[in-house]
Amino acid sequence: MAHAREFRRALHAKPELSWQEHNTANAIREQLDAMHIAWRECAQTCTLAWINPTGTEPAIALRGDIDALPIREETNKPWQSKTERCMHACGHDGHTATLLATARWLKKHEHQLERKVVLIFQPAEEGGHGAREMIADGALEGVSEIYGWHNWPAFPYRTIACPNAIIMCGNGTFSIKITGKGGHASQPELCVDPVLAASAITVALQQICSHRIAPQKAAVISVTEIKAGDAPTVIPEYAELKGSIRVPDEETRHIINHAITEIATLTGASYGVQCTVEHSMRYSATINHAKQANLARRQWQALYGEKSLVPGTLLPVMASEDFSYYLRECQGAFALIGSREGNQNAAPCHSPHYDFNDNLIEDVCRWFCRLTGMRLPP
């Protein structure tokens, strides 16, 4: 696994954002060529590869994502990102290295496989809908089941969360444009203050989850941007709010989006401003299929013990994943696998202090091999 660790750290030092992963894709393809594994380009920077391509179908697919985030790294690791304000802050470098390590073992013992195995090196997971574009380009043709995973620093090392139903929530964004009447800060009575209205709307939106959504349903509304004005003595004409929602299902999405529009419009009216609200859907909830989720858990427990399951009370997590696209088209399961070892690897995903736990490469490689029916590496 030393080669996979070195490759992971090389990727980490040269991250690329969604749909810009050209060098990353080339590096993956060079590795596949060296292993004599057939591949094809798919959806621009995606790479599809096949182990035992003449094996029985339908095939089983394994997925790893390859894109980075627009974050300035602050880990001070020897392999720290050399690209300004771009970082593998979610561990996709580790997911890629793990899938390549799996490819190496499966290829070496290809004669043991009965089924065809499809390896998916997917771009643009971070909001770029990479899975959707890959499906449109035929990534799931001949595939009957698919498995994926994400490292999760909130969980202890070598624990797994893989429920029979929802594991990660869906998400969306909203934008509220507020129009008032600007003027001098000393004469608020002559103005219609959009900043005051924006503040009231922000507070009012926080009551949606507590008063319009049943407590049994997990949902989040976060206002993440407030923009207004550029001078301390001027009440501006306009203000803008932006934010994110997390929802377990489409019914809850509809309720929340309707409430955001209603509250913004009516609260704004009470302050004399006009509000325009726009909603953008991003990903649906990631919902596992029971048969595949059961298999995934059993195989992990066979490797790492009966007590390696994350309590169901911690699920679903409120983060989102475009693996949801695959699970809407194909039977499969997605797992969150713990990476925190004491105080090590405890920084959360999307933090400038995050780094992937390289010990997971071998752990997940073994698990992937078992899912394909392959005997384990020694």
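One can find the structure itself at the top, above this paragraph.
Note that the coordinates shown come from a computational prediction; the quantities given were computed from them, not determined experimentally. (Residues numbered from 1 in each chain as written. Predicted model: local features only at pLDDT ≥ 70, side-chain atom pairs only at ≥ 80, totals over all residues. Heavy atoms only, no water.)

Peer 1: It is not clear to me how the pattern of salt bridges should be interpreted in this structure. Could you clarify?
Peer 2: A side chain with one charge may pair with a side chain of the opposite charge, provided their charged atoms come close. A full pass over the atoms with the stated rule returns 19 salt bridges. One salt bridge in this structure joins Asp137 and Arg40, with 3.9 Å as the shortest N-O distance. Taken together, the residues span a long stretch of sequence, with Asp137 in the loop between helix 4 (130-136) and strand 5 (143-156) and Arg40 in strand 1 (residues 38-42) at a distance of 97 residues. Judged by relative accessible area, which is 34%, Asp137 ranks as partly exposed. Relative accessible area serves as the criterion here: at 27%, Arg40 is assigned to the partly exposed category. Notably, a salt bridge pairs Arg115 with Glu145, separated by 2.7 Å at the nearest N-O pair. Separated by 30 residues along the polypeptide, Arg115 in strand 4 (residues 115-122) and Glu145 in strand 5 bring together distant segments of the chain. Within the structure, one salt-bridge network assembled from shared partners comprises Arg8, Arg9, Asp93, Asp355 and Asp358. (Salt bridge = Lys/Arg side-chain N within 4 Å of Asp/Glu carboxyl O. Helix = DSSP H or I, 4+ residues; strand = E, 2+ residues; numbered from the N terminus. Buried < 20%, exposed > 50% of the residue type's maximum accessible area, 1.4 Å probe, protein only.)

Peer 1: Looking at this structure, I do not really get the sheet that holds strand 13 (residues 274-281). What am I missing?
Peer 2: By way of backbone hydrogen bonds, the strands of a sheet pair with one another, either parallel or antiparallel. With antiparallel pairing, the four strands of this open sheet are ordered in space as 10-12-8-13. The outermost strands of the open sheet, each flanked by one partner alone, are strand 10 (220-228) and strand 13. The sheet shows a mean angle of 20° between the axes of neighbouring strands, taken without regard to direction. In terms of strand pairing, strand 10 meets strand 12 (residues 238-247) through eight bridges, oriented antiparallel. What sits directly across from Lys227, in strand 12, is Glu240. Sheet contacts for helix 7 (residues 250-270): strand 8 (170-179), strand 10, strand 12 and strand 13; angle to strand 13, the most-contacted strand, approximately 165°. (Pairing = 2+ DSSP bridges. Axes fitted to C-alpha atoms, helices over the stretch in contact; angles between N-to-C directions. Contact = heavy atoms within 4.5 Å.)

Peer 1: How should the sheet that holds strand 4 be read in this particular structure?
Peer 2: Taken in spatial order, the seven strands line up as 1-2-4-3-5-15-6 in an open sheet, and their pairing is mixed. Looking at which strands have only one partner, the edges of the open sheet turn out to be strand 1 and strand 6 (160-161). Across the sheet, helix 3 (residues 92-108) is in contact with strand 2 (46-51), strand 3 (56-65), strand 4 and strand 5; its angle to strand 3 comes to roughly 145°. The sheet contacts of helix 8 (residues 290-304) involve strand 5, strand 6 and strand 15 (331-340), and relative to strand 15 the element is tilted by about 35°.

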